Amino acid sequence: MIECVLNDFDIDQIASSGQCFRFHRVGDKSYDLIAGTHLLNIQQNGRTVRFDCDEDEFNAIWRPYFDLDADYGRCKAAVAKRDIYLQNAVAYGGGLRILRQDLWETILCFIISQQNNIARITKCVENLCSLFGEICYNKSEQVYNSIPTAERLATCTPEDLAPVRLGYRAKYICAAARQVASGEVDLEAIRHMDYARAKAELLRLTGVGIKVAECICLFALHHIDAFPVDTHIRQMLDAHYPKGFPLKRYKGFAGVMQQYAFYYELSLKD
DNA sequence: AGCCAGGACGGAA
DNA sequence: TTCCGTCATGGC
């Protein structure tokens, strides 16, 4: 068990931010999280955060996963004083982090995310894991499955995936899985590429366009200068930045600002 | 009952 | 290049 006192960290905000669909709420500010092949229970009480794991696992997996060595206060301080919108967004989502998620898991989740809503994305991901996930965890009477491997999905047809209810995205998943399993697209190589090259390589995957590629770069590869523009961000840009978002001001970490804005936009629509 | 959702694809112009 | 119809499903 590891206990930390953390600034700029709110597990409820992180779990509901729409960058990860694998948080399972098990109590007040308490979640089971599946990340790749790892399972964690995390619980927050004020600024104190409990990670149910040993020190080695904490340092090797969860410290980088939650980006605990980054100073988000510095990002927040960079917001222009007169930028009322972004000031509000940062104040609202001050506990967000940009996660370092598993690459293949993020590819699948964000292929599924297209033209879809977060509630249904979460259900599709759960269906995919429970029906095709290969590794199972037993934790407090709760069974969790990992995301299915590319090799497993490469053997599937879109008809096989019908119970997952992916709609037209099923054929994208099958095709992308074959590209990865065959080595046509090399995920290990992508992990070592810079942002521009990683994005170009991800775009070769069926079902991955510019927006999804940027999400993968931001939420898995931690290229935090990626700035995915989805329908919510598009509306936000039109409404608050008609002359263009000040990307240059936030060069090198624009994706952090994007995430504050995205989370803030979601809150304004319920 | 419609409108919309963290869009991508293939073909037309 | 840019533009446009199409693609499934279900939350709200």
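Conventions adopted
All residue numbers here refer to positions counted from 1 along the written sequence of the relevant chain. All chains are assigned letters beginning with A, and all ligands numbers beginning with 1, in the order in which they are written. Side-chain atom pairs in this predicted model are given and counted only at pLDDT of 80 or more, local residue features only at pLDDT of at least 70, and totals for whole chains, interfaces and linings cover all residues. Each side-chain value is worked out from all heavy atoms of the structure, with water and hydrogens disregarded. Put simply, DSSP H or I for four residues or longer makes a helix, DSSP E for two residues or longer makes a strand, and each gets a number counted from the N terminus. Throughout this description, buried means an accessible area under 20% of the type-specific maximum (1.4 Å probe, protein chains only), exposed means over 50%, and partly exposed covers the range between. Each polar contact in these results corresponds to two N or O atoms within 3.5 Å; when the atoms are within protein, one needs to be able to donate a hydrogen and the other to accept it, and residues that are neighboring in sequence are counted only if both atoms are side-chain atoms. Note on contacts: a residue pair qualifies if any of its non-hydrogen atoms lie within 4.5 Å across the two residues. A single heavy atom is enough: if one lies within 4 Å of a molecule or strand, its residue is considered near that molecule or strand. For helices, the axis comes from a line fit to the C-alpha atoms of the stretch in contact; other axes are also lines fit to C-alpha atoms, and the angle between any two N-to-C directions lies between 0 and 180 degrees. Geometric relationships in this document are graded by angle, where less than 35 degrees denotes roughly parallel, more than 145 denotes roughly antiparallel, 65 to 115 denotes roughly perpendicular, and other angles denote oblique. Left-handed describes a crossing whose near helix is turned anticlockwise from the far helix by less than a right angle; the clockwise case is right-handed. Charged residues are taken to be Asp, Glu, Lys and Arg, nonpolar residues to be Ala, Val, Leu, Ile, Met, Phe, Trp, Tyr, Cys and Pro, and polar residues to be all remaining types, Gly included. Strands were regarded as paired on the criterion that DSSP finds at least two bridges between them.

Here we come to the side chain of Gln-19. Its location among the elements puts Gln-19 in the loop between helix 1 (11-15) and strand 2 (23-27). The exposure class assigned to Gln-19 is buried, which follows from its relative accessible area of 1%. One polar contact links Gln-19 to Ser-17, side chain to side chain, over a distance of 3.4 Å. With residues up to four places along the chain from it excluded, the contact list for Gln-19 reads Arg-97, Ile-98, Leu-99, Gln-101, Phe-110, Phe-219 and Gln-259.

This part is about the protein's contact with DNA strand C. Every residue near DNA strand C is listed here: Gln-115, Asn-117, Arg-120, Lys-123, Arg-165, Gly-167, Tyr-168, Arg-169 and Lys-171. Taking the atoms of DNA strand C that fall within 4 Å of the protein, sugar and phosphate contribute 73% of them. Within the contact set of DNA strand C, a base oxygen lies 3.2 Å away from a side-chain nitrogen or oxygen of Arg-120. Measuring from a phosphate oxygen of DNA strand C, one finds a side-chain N or O atom of Arg-165 at 3.2 Å. Mapped by element, the contributors of at least two residues to the surface near DNA strand C are helix 6 (118-132) and helix 8 (169-181).

This brings us to the packing of helix 10 (residues 195-202) against helix 11 (residues 210-219). Packing of helix 10 against helix 11 brings their axes to within 9 Å, and their N-to-C directions diverge by 130 degrees. As the angle between them shows, helix 10 and helix 11 are arranged oblique. In this structure, the crossing between helix 10 and helix 11 has a hand that is right-handed. Where helix 10 approaches helix 11, its residues Tyr-195, Ala-198, Lys-199 and Leu-202 are matched on the opposing element by Ile-210, Ala-213, Glu-214, Ile-216 and Cys-217. Looking at side-chain class alone, the contact of helix 10 with helix 11 contains seven nonpolar, no polar and two charged residues.

So, on to the sheet that holds strand 1 (residues 2-5). Pairing is antiparallel in the open sheet, where five strands are placed in the order 1-5-4-3-2. The sheet is open, and its two borders are formed by strand 1 and strand 2, each paired with just one other strand. Averaged over neighbouring strand pairs, the angle between their axes works out to 25 degrees when direction is ignored. Alignment of strand 2 against strand 3 (residues 30-35), held across four bridges, turns out to be antiparallel. When the bridges of strand 3 are listed, Arg-25 appears paired with Tyr-31. Sheet strands touched by helix 2 (residues 55-65): strand 1, strand 3, strand 4 (38-45) and strand 5 (48-51). Its angle to strand 4, the strand with the most contacts, is close to 80 degrees.

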